[in-house]
Amino acid sequence: MASGPDPNSFGDGAKRDEATTKVPSKDPKKKDDKKEEDLSEEDLKLKQNLELYVERVQDPNPELQKAALESMRQEIRALTSSMTLLYRMPKRLSWMELGGSQRFLWLHLKKLRKLSITINKGGEFTVSQLFVDIQDFSNLEKLKVAWGVTDPKPHKAPKKVAVPSHLPEKLMKLDLQCFPDAELPSLLEPGKLRMLEKLYIKGGTKLTGFGKSVPEKPTECSVKVLRLKFLPRLKVEWRELRELYFPKLEFLDKYQSPQVSFCPCDGIGIWCGKSNQL
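Rules and cut-offs
- Residues numbered from 1 in each chain as written.
- Predicted model: local features only at pLDDT ≥ 70, side-chain atom pairs only at ≥ 80, totals over all residues.
- Heavy atoms only, no water.
- Helix = DSSP H or I, 4+ residues; strand = E, 2+ residues; numbered from the N terminus.
- Buried < 20%, exposed > 50% of the residue type's maximum accessible area, 1.4 Å probe, protein only.
- Contact = heavy atoms within 4.5 Å.
- Core = buried A, V, L, I, M, F, W, Y, C linked by side-chain atoms within 4.5 Å.
- pLDDT = per-residue confidence, 0-100.
- Phe/Tyr/Trp six-rings, centres within 6.5 Å; stacked < 30°, edge-to-face > 60°.
- Pairing = 2+ DSSP bridges.
- Polar contact = N/O pair within 3.5 Å; in protein donor to acceptor, adjacent residues only side chain to side chain.
- Salt bridge = Lys/Arg side-chain N within 4 Å of Asp/Glu carboxyl O.

By the naming in an unreviewed UniProt entry, the protein is RPN1 N-terminal domain-containing protein, taken from Brassica napus.

Laid out in structure tokens, this is it:
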């Protein structure tokens, strides 16, 4: 007697109708392993060394802490003379993102004089949070911050942070590119810029002004060189700009900012006062 079909087997027809669904892994460890696979042998060794230094700096032995900090300083100096930190970085430094134990690196690079930061994602990280973090860079003289493409997906409302009252005291030049907000944080309003000499704002489709209201009398702003480019909504008249917001202004570079009006600039948007500081 011929045996019937095995109920646990599939015929050809069933194979044709069979659907295969791949479920992506949600295991964070596997994702970390994938990131490490993308690193070269040299980069992986560097990553492991820096993580070891981070652990040793937290050791109660002060001699071990000092040695770890010095080794960390030498490793980072070998990478770059002026540190560039990115959110969502390319492979080589992606493991140095802020957050987790690597945040310790950010907090201990206090001797940097020049810093460039690129932010390529939105979420809970805000402009105010950025300036809270850079307060640790007490020797910082030049800072450039560029905002890239933000994440269009909805996020939880960002946590409110206490905005510092001023920028690092030694900061002389601030370059903001593709500024994402409609208003400047309070510490960037002209009246708070008492040490800064050069302010560049290049790109910012939402930015509308330098503060919530026009000051009634000249501020104590020390900015001498101002560059305003690609700011379609920034609205300010020359009298307000020169006499109230930036009374020490000596050089203005205005481009593609049509509502910055009545400025005595030349044909390419340049105005020079007492001296020509670039």
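Here the narrative resumes.
**Remarks on the overall build of the protein**
When helices and strands are counted, the protein shows 7 helices and 10 strands. Here the protein holds 278 residues, and the buried ones make up 33% of them. Here the analysis covers contacts within the protein between residues at least 6 apart in sequence; of these, 75% occur between residues at least 24 apart.

**Here's the deal with the nonpolar core**
The biggest cluster of nonpolar side chains holds 43 residues, and the ones touching the most others in it are Phe131, Leu143, Phe210 and Phe246. Going through the elements one at a time, strand S2 (114-119), helix H6 (127-133), strand S3 (142-147), strand S4 (173-177), strand S5 (198-202), strand S6 (225-229) and helix H7 (238-245) are the ones with two or more residues in this core. Sequence-distant contacts of leucine 143, that is, excluding residues within four places in its chain, are made with Leu115, Ile117, Phe131, Ile134, Leu171, Lys173, Leu174 and Asp175. One finds Leu46, Leu50, Ala68 and Met72 within the second-largest nonpolar core, a separate group that totals 7 residues.

**What about the confidence of the model for the protein?**
On average, residues of the protein score 75 in pLDDT, and 64% of them reach the 70 mark or higher. Under a pLDDT of 50 for its full length, residues 7-26 has, in the predicted model, 3 contacts with residues more than four places off or in other chains. Here residues 86-102 is modelled with pLDDT under 50, and outside its nearest four sequence neighbours on either side it reaches 39 contacts, counting other chains as well.

**Quick look at the packing of aromatic side chains**
Scanning the entire structure with this criterion turns up 6 aromatic pairs. Ring plane angle 80° and centroid distance 5.5 Å describe the contact between tryptophan 147 and phenylalanine 179, whose orientation is recorded as edge-to-face. Linking tryptophan 147 in strand S3 with phenylalanine 179 in the loop between S4 and S5, this pair joins segments that are 32 residues apart in sequence. Of the two residues, tryptophan 147 and phenylalanine 179, neither departs from the other in class, the shared state being buried. Geometrically, the ring pair formed by phenylalanine 210 and tyrosine 245 is tilted, given 5.4 Å between the ring centres and 55° between the ring planes. Separated by 35 residues along the polypeptide, phenylalanine 210 in the loop between S5 and S6 and tyrosine 245 in helix H7 bring together distant segments of the chain. Accessibility assignment for this pair places phenylalanine 210 and tyrosine 245 in one class, buried.

**Considering the pairing of S6**
With 4 of 5 residues buried, S6 lies mostly within the body of the structure. The pairing of S5 with S6 spans 5 bridges and is parallel. If you follow lysine 202 over to S6, its bridge partner there is lysine 229. One ladder, built from 5 bridges, connects S6 with strand S8 (residues 251-255); its direction is parallel. Paired with leucine 228 across the bridge in S8 is lysine 254.

**Re the side chain of aspartate 253**
Turning to its location among the elements, aspartate 253 is positioned in strand S8. A polar atom in the side chain of aspartate 253 sits 2.8 Å from the side chain of arginine 227. With residues up to four places along the chain from it excluded, the contact list for aspartate 253 reads Leu226, Arg227, Leu228, Lys229, Gly269 and Ile270.

**Considering unusual backbone geometry**
Here the phi dihedral of cysteine 178 falls at roughly 55°; this positive angle occurs in a residue that is not glycine. Secondary-structure assignment places cysteine 178 in the loop between S4 and S5. Under the relative-accessibility criterion, cysteine 178 is labelled partly exposed at 44%.

**Here we look at H7**
Given 3.6 residues to a turn, an α-helix orients residues that are three or four positions apart in the same direction. Listed in full, the buried residues belonging to H7 are Trp238, Glu240, Leu241, Leu244 and Tyr245. Tucked inside the fold, the buried residues of H7 contact S6, strand S7 (236-237), S8, strand S9 (260-261) and strand S10 (270-272).

**Brief notes about the environment of leucine 171**
When you line up the elements, leucine 171 lands in the loop between S3 and S4. When its relative accessible area of 1% is taken as the criterion, leucine 171 is described as buried. Measuring from C-alpha to C-alpha, the distance between leucine 171 and leucine 196 comes to 6.0 Å, with 25 residues separating the pair along the chain.

**Considerations on the pattern of salt bridges**
Under the counting rule described, the total for this entry stands at 4 salt bridges. Where arginine 194 meets glutamate 220, a salt bridge forms, and the shortest distance between an N and an O atom there is 3.5 Å. Within this pair, whereas arginine 194 is found in the loop between S4 and S5, its partner glutamate 220 is found in the loop between S5 and S6, the two being separated by 26 residues in sequence. Both residues of the pair, arginine 194 and glutamate 220, count as exposed. The network of salt bridges with common partners includes Arg227, Lys229 and Asp253.

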